[in-house]
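Here is how the chains run, residue by residue.
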Amino acid sequence: MEKTGAIEGGNQTLGVSQHLIREKIMRKIVSFVHVSLDGFVASNAEGLASLDWISISPDLFEYVEKRIQQTDTALYGRTTYQMMESYWPTAADKPDASPHDLAHSRWYKSAHKVVLSKTLLEKNHPNTQIISSNLSDEISKLKHHAGSEILLFGSPSATHALMAENLIDEYWLFVNPVLLGQGIPLFKNIQDRTSLMLVKSHIFPSGVVCLQYEVKRNR
């Protein structure tokens, strides 16, 4: 059937093939985030104290780093980006740097960084792309550029903006065994009912469960 269509369809088949190629190479945006069992990504505490409930361990670091090293692009909101910039560029220079710090610092410095912000200026942040308007169009362009999947680290405000435009393709949720009761929710601005498919799960000794979901889209 495919060969017959190619003979009879002529230019039409070529157009279909090109469309399939574009579909095949389109990059995914993957939300990579710790979340409480009741669905919050941060408590109401100030600064880093809002994240003190997150369970971290060497085995979790290793699992996460293997996944991160497969990618070349990081996506952040402004607040998270500034936190990353204050630590990772020099993390490997410290005499007591851990293996995780060494690996992630190298990756961070080489990764293409994209930041959703209306206040940052690209000229002040070299090797970083700032998206300040036309979110859907700019993200679409980014998805069509050559490269790996795009990891969205934490960044609840940026995540909510992308959710509102239905631009997130996959979720890696590190579900922590804690109930916060209140805080910043992970899921917000969902416009339509969205079906997800569980692709993979992993349980850590700490009780954290990694759940990998793909967004099911109509083709």
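These numbers were taken from a predicted model, which means no experiment stands behind them.

(A) Quick peek at the overall build of the chain. A count of helices and strands for the chain gives eight helices and ten strands. Across the 219 residues of the chain, 39% fall into the buried class. If you take every contact in the chain between residues at least 6 apart in sequence, the share linking residues at least 24 apart comes to 71%.

(B) Focus on helix α3 (residues 58-68). Those residues of α3 that fall on the buried side of the exposure criterion are Leu-60, Tyr-63, Val-64, Glu-65, Arg-67 and Ile-68. Buried positions along α3 lie against β1 (29-36), α6 (99-110), β6 (150-153), β7 (170-176), β9 (196-203) and β10 (209-215).

(C) Expanded view of the pairing of strand β4 (residues 112-116). Across the five residues of β4, four count as buried, placing the element largely inside the fold. In terms of strand pairing, strand β3 (residues 73-77) meets β4 through five bridges, oriented parallel. Bridging across to β4, Ala-74 finds its partner in Lys-113. Where β4 meets strand β5 (residues 128-131), four bridges bridge the pair, whose relative direction is parallel. Paired with Lys-113 across the two strands is Thr-128, which belongs to β5.

(D) Quick look at the pairing of β9. Bridge analysis of β9 against β10 gives seven bridges, and the strand direction is antiparallel. Bridging across to β10, Ile-203 finds its partner in Val-209. Where β9 hands over to β10, the hairpin turn is made up of five residues, of which Gly-207 adopts a positive phi near 100 degrees.

(E) Just the side chain of Thr-128, in detail. Tracing the chain through its elements places Thr-128 in strand β5. Within the structure, Thr-128 has its side chain in polar contact with the side chain of Tyr-81 (distance 3.2 Å).

(F) Quick peek at the packing of aromatic side chains. Scanning all chains against the criterion turns up eleven aromatic pairs. An aromatic cluster of three or more residues is present, and its members are Phe-32, Tyr-63, Tyr-76, Tyr-81, Trp-107, Tyr-108, Phe-153, Trp-172, Phe-174 and Phe-204. Just above the ring of Trp-172 sits the side chain of Arg-67; from NZ or CZ to the centre is 5.2 Å. The ring of Tyr-108 is capped by Lys-113, whose NZ or CZ atom sits 4.4 Å from the centre of that ring.

(G) Fine view of the sheet that holds β5. Pairing is mixed in the open sheet, where eight strands are placed in the order β5-β4-β3-β6-β1-β7-β10-β9. Each edge of the open sheet is held by one strand with a lone partner, namely β5 and β9. Taken over all neighbouring pairs, the strand axes of this sheet differ in orientation by 20 degrees on average, direction set aside. When β1 meets β7, the two strands line up parallel, connected through seven bridges.

(H) Molecular detail of the pattern of salt bridges. In this structure the tally under the stated criterion is eight salt bridges. Salt-bridge contacts for Lys-66 lead to Glu-62; the nearest nitrogen and oxygen are separated by 3.8 Å. Taken as a pair, Lys-66 and Glu-62 lie in helix α3 at a separation of four residues, close to a single helical turn. On the accessibility criterion, Glu-62 (48% relative accessible area) is partly exposed. Among the salt bridges present, the one from Lys-141 reaches Glu-138, with a minimum N-O distance of 3.4 Å. One end of the pair, Lys-141, and the other, Glu-138, are both in helix α7 (residues 135-144), three residues apart, so they sit about a helical turn from each other. Take Lys-141: its relative accessible area is 47%, and that puts it in the partly exposed class. Looking at Glu-138, the relative accessible area reads 21%, which means it is partly exposed. Put simply, Lys-28, Glu-170 and Glu-214 are held in one network by salt bridges that share partners.

Criteria and cut-off values
- Residues numbered from 1 in each chain as written.
- Predicted model: local features only at pLDDT ≥ 70, side-chain atom pairs only at ≥ 80, totals over all residues.
- Heavy atoms only, no water.
- Helix = DSSP H or I, 4+ residues; strand = E, 2+ residues; numbered from the N terminus.
- Buried < 20%, exposed > 50% of the residue type's maximum accessible area, 1.4 Å probe, protein only.
- Contact = heavy atoms within 4.5 Å.
- Pairing = 2+ DSSP bridges.
- Polar contact = N/O pair within 3.5 Å; in protein donor to acceptor, adjacent residues only side chain to side chain.
- Phe/Tyr/Trp six-rings, centres within 6.5 Å; stacked < 30°, edge-to-face > 60°.
- Lys NZ or Arg CZ within 6 Å of the ring centre and 35° of its normal.
- Axes fitted to C-alpha atoms, helices over the stretch in contact; angles between N-to-C directions.
- Salt bridge = Lys/Arg side-chain N within 4 Å of Asp/Glu carboxyl O.

Distances and angles like these do not, on their own, reveal function.
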